[in-house]
Amino acid sequence: MRILLLGYGKMGKTIEKIALERGHSIVGKIDIDNRSDMDALKPADVDVAIEFSAPEAAYNNITYCLKKGWPVVSGTTGWLEHRSEIEKLCVQQNGAFFYASNYSIGVNLFFRLNRQLARLMNGHGYEQSMTEIHHIHKLDAPSGTAITLAEAITDEIDNLEGWKLAPETEGGYLQITSKREGEVPGTHIVRYESEVDTIEISHTAHSRAGFALGAVVSAEWLPGRNGVFGMNDLLKI
């Protein structure tokens, strides 16, 4: 499979390594300094694009690929106010777009556990909060994974109107504390507290490899399909 990489930072390099190990080829590595190189690629040169760039570049990158007829797997966060536009364009172009805030299989199972726990905890008088920890290079806060977790919690807990980034103190909102430390790949902790006890679930990534492998597996799955997809479609959960 011929893969175009959009974004060639640490994540892009990890994706490249795993893709090559799985027998694929990289037909382009596009970053902020060489974006014009995409113009030299013909529609038939690329089987799928994997987009892990930056929030300010994601929308234009994905739009370009869909108009070129390339299936796109994207994991960039911080741009999702434009997601509905991308999904409409995908349908108009009869294209294929795969998005996940986190491509780790373990994290996606954690998403399911998080929603189930929130459903069980609803109405039992616990205060909810979340902490997410990532490396100092991460540009957005809270993380896309934290937002996905928070949206599930606020869907299931009746007295929550939404989420806010700490140190907001307004009641009725899930408080998310974002920390940026060293080279931490990603830790997410969901906490329920009462006067008598605390219940926590957490996911800790040990490296970027799990995220990168999930992105490559998604890229292997996407060509030949049309529509908008996510990890639930791939994992059938």
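Heads up: the structure comes first, above all this text.
Residues numbered from 1 in each chain as written. Predicted model: local features only at pLDDT ≥ 70, side-chain atom pairs only at ≥ 80, totals over all residues. Heavy atoms only, no water.

1. So, the overall build of the protein chain
Part 1 of the reasoning: Secondary structure assignment for the protein chain yields 7 helices and 11 strands.
Part 2 of the reasoning: The C-alpha radius of gyration of the protein chain comes to 19 Å, within 12% of the 18 Å expected for a compact globule of 237 residues.
Part 3 of the reasoning: C-alpha extents for the protein chain along the principal axes are approximately 60 × 40 × 30 Å.
Part 4 of the reasoning: Residue pairs at least 24 apart in sequence account for 67% of intrachain contacts in the protein chain once pairs closer than 6 positions are excluded.
Part 5 of the reasoning: For the protein chain, the accessible surface area stands at approximately 11600 Å², while carbon and sulfur atoms represent 50% of it.
Part 6 of the reasoning: Of the side chains in the protein chain, 23 bear a positive and 31 a negative charge, and the two mean positions are spaced by 8 Å. (Helix = DSSP H or I, 4+ residues; strand = E, 2+ residues; numbered from the N terminus. Rg over C-alpha atoms; globule rule 2.2 N^0.38 Å. Contact = heavy atoms within 4.5 Å. Areas by Shrake-Rupley, 256 points an atom, 1.4 Å probe, with all protein chains shown as cover. Lys, Arg positive; Asp, Glu negative; His and termini not counted. Charge placed at Lys NZ, Arg CZ, Asp CG, Glu CD.)

2. Re the side chain of Ser-101
Part 1 of the reasoning: Positionally, Ser-101 belongs in the loop between strand 5 (96-99) and helix 4 (105-121).
Part 2 of the reasoning: Of the polar contacts made by the side chain of Ser-101, one reaches the side chain of Thr-148; its length is 2.8 Å.
Part 3 of the reasoning: Leaving out residues up to four positions away in the same chain, Ser-101 has contacts with Thr-77, Phe-111, Gly-144, Thr-145 and Thr-148. (Polar contact = N/O pair within 3.5 Å; in protein donor to acceptor, adjacent residues only side chain to side chain.)

3. Let's talk about the sheet that holds strand 11 (residues 227-229)
Part 1 of the reasoning: With parallel pairing, the 6 strands of this open sheet are ordered in space as 2-1-3-4-5-11. Whereas interior strands pair on both sides, the edge strands pair on one side only; in this sheet they are strand 2 (25-30) and strand 11. Adjacent strand axes in the sheet meet at a mean angle of 20°, parallel and antiparallel pairs treated alike.
Part 2 of the reasoning: Here 5 bridges tie strand 1 (residues 2-6) to strand 2, and the two strands are oriented parallel to one another. Along strand 2, the bridge assignment pairs Arg-2 with Ser-25.
Part 3 of the reasoning: Where helix 3 (residues 83-92) meets the sheet, it contacts strand 5 and strand 11, and its direction lies at approximately 150° from that of strand 5.
Part 4 of the reasoning: The sheet strands contacting helix 6 (residues 209-221) are strand 3 (48-51), strand 4 (72-74), strand 5 and strand 11, and the helix crosses strand 3 at an angle near 155°. (Pairing = 2+ DSSP bridges. Axes fitted to C-alpha atoms, helices over the stretch in contact; angles between N-to-C directions.)

4. Considerations on the environment of Asn-94
Part 1 of the reasoning: Checked against the element boundaries, Asn-94 lands in the loop between helix 3 and strand 5.
Part 2 of the reasoning: Taking relative accessible area as the criterion, Asn-94 reaches 55% and is therefore assigned exposed. (Buried < 20%, exposed > 50% of the residue type's maximum accessible area, 1.4 Å probe, protein only.)

5. Here's the deal with the sheet that holds strand 7 (residues 162-165)
Part 1 of the reasoning: Pairing in this open sheet of 5 strands is mixed, and the strands run 7-8-6-9-10 from one edge to the other. The open sheet has two free edges, formed respectively by strand 7 and strand 10 (198-204), since each of these has just one partner strand. Averaged over all neighbouring strand pairs, the angle between strand axes comes to 20°, with direction disregarded.
Part 2 of the reasoning: Sheet topology note: the strand 7/strand 8 (residues 173-180) ladder contains 4 bridges and is parallel. Within strand 8, the residue paired with Lys-164 across the bridge is Gln-175.
Part 3 of the reasoning: Seen against the sheet, helix 4 touches strand 9 (187-193) and strand 10 and runs at an angle of roughly 165° to strand 10.

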